[in-house]
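# Coordinates in review
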Amino acid sequence: MLADVGCLFGGTFQVIAGIVAIAIEAPCCCMFIEHIQTLSNFMENRPYWNRAALYCGIAIPGILFCFGLGSLFGSGLIFATGVMYGMMGLGKKGTREDMAAAAGGGTLSPGVAPGSVGIPMGADPNATLMEDPDVWRPT
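As the structure is a prediction and not an experimental result, all values here were calculated from the model. (Residues numbered from 1 in each chain as written. Predicted model: local features only at pLDDT ≥ 70, side-chain atom pairs only at ≥ 80, totals over all residues. Heavy atoms only, no water.)

## Here's the deal with the packing of aromatic side chains
For the coordinates displayed, the defined rule picks out three aromatic pairs. Ring centres 6.3 Å apart and planes at 50 degrees place the aromatic pair F9 and F65 in the tilted group. A residue pair is termed long-range when its members are at least 10 positions apart, and F9 in helix α1 (residues 5–25) and F65 in helix α3 (residues 48–65) qualify at 56 residues. Measuring from ring centre to ring centre gives 5.9 Å for Y55 and Y85, while their planes differ by 40 degrees; the resulting arrangement is tilted. Residue Y55 is found in helix α3, and its partner Y85 is found in helix α4 (residues 69–90); the two are separated by 30 residues along the sequence. Considered together, Y55 and Y85 belong to a single accessibility category, that of buried residues. In this structure an aromatic cluster arises from ring pairing among Y48, Y55 and Y85. (Phe/Tyr/Trp six-rings, centres within 6.5 Å; stacked < 30°, edge-to-face > 60°. Helix = DSSP H or I, 4+ residues; strand = E, 2+ residues; numbered from the N terminus. Buried < 20%, exposed > 50% of the residue type's maximum accessible area, 1.4 Å probe, protein only.)

Right, here's the structure in full:
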């Protein structure tokens, strides 16, 4: 329908979300607005999960107001940016040895500092399924 009010609100919200994303990520594109650099610096000093929550939050209403290919693509890209910031906020994945030790539980082997993750005492590190994924992966 040409004059759907929900799609008008959804499109307007997408434009505002795009301007917010550009203002935060590329403040050089908005040099004519005085306080954009202040906003960008503020968001730059925040943790990644704050950006993830903001981008995912501003992407959803555009899709809810008017579900269609255009709104799904436009808001979906902003949502994908939020997902990537969320993944960056989670940090790097632990090593295979750290994950095996955390899954096995138990006490730590000698020489491992308290509070860190190591191989449990008495456990054979070669006996885990995590040693070689090609062995247990179906072919």
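Structure shown, so let's carry the discussion forward.
## A few points about the nonpolar core
In terms of nonpolar packing, the biggest core is built from 10 residues, these being A17, A21, I24, M43, A52, Y55, I58, A59, I78 and Y85. Of all the secondary structure elements, the ones that give two or more residues to this core are α1, α3 and α4. It is α3 that provides the largest number of residues to this core, a total of four residues. Not counting residues within four places of it along the chain, the set of residues in contact with A52 comprises G82, Y85 and G86. (Core = buried A, V, L, I, M, F, W, Y, C linked by side-chain atoms within 4.5 Å. Contact = heavy atoms within 4.5 Å.)

## Description of α3
In this model, α3 (18 residues) spans 27 Å end to end at C-alpha, consistent with the 26 Å of a helix rising 1.5 Å per residue. Here the buried face of α3 lies against α1, α2 (36–44) and α4. (Expected span 1.5 Å × (residues − 1).)

## Concerning the pattern of salt bridges
Within this structure, the stated rule accounts for two salt bridges. Here E25 and R51 are joined by a salt bridge, their closest N and O atoms 3.4 Å apart. Residue E25 is found in helix α1, and its partner R51 is found in helix α3; the two are separated by 26 residues along the sequence. E25 gets classed as partly exposed once you look at its relative accessible area, which sits at 38%. The class of R51 is buried, set by a relative accessible area of 5%. Salt-bridge contacts for R51 lead to E44; the nearest nitrogen and oxygen are separated by 2.9 Å. By relative accessible area, E44 is classed as exposed at 51%. One salt-bridge network, held together by shared partners, links E25, E44 and R51. (Salt bridge = Lys/Arg side-chain N within 4 Å of Asp/Glu carboxyl O.)

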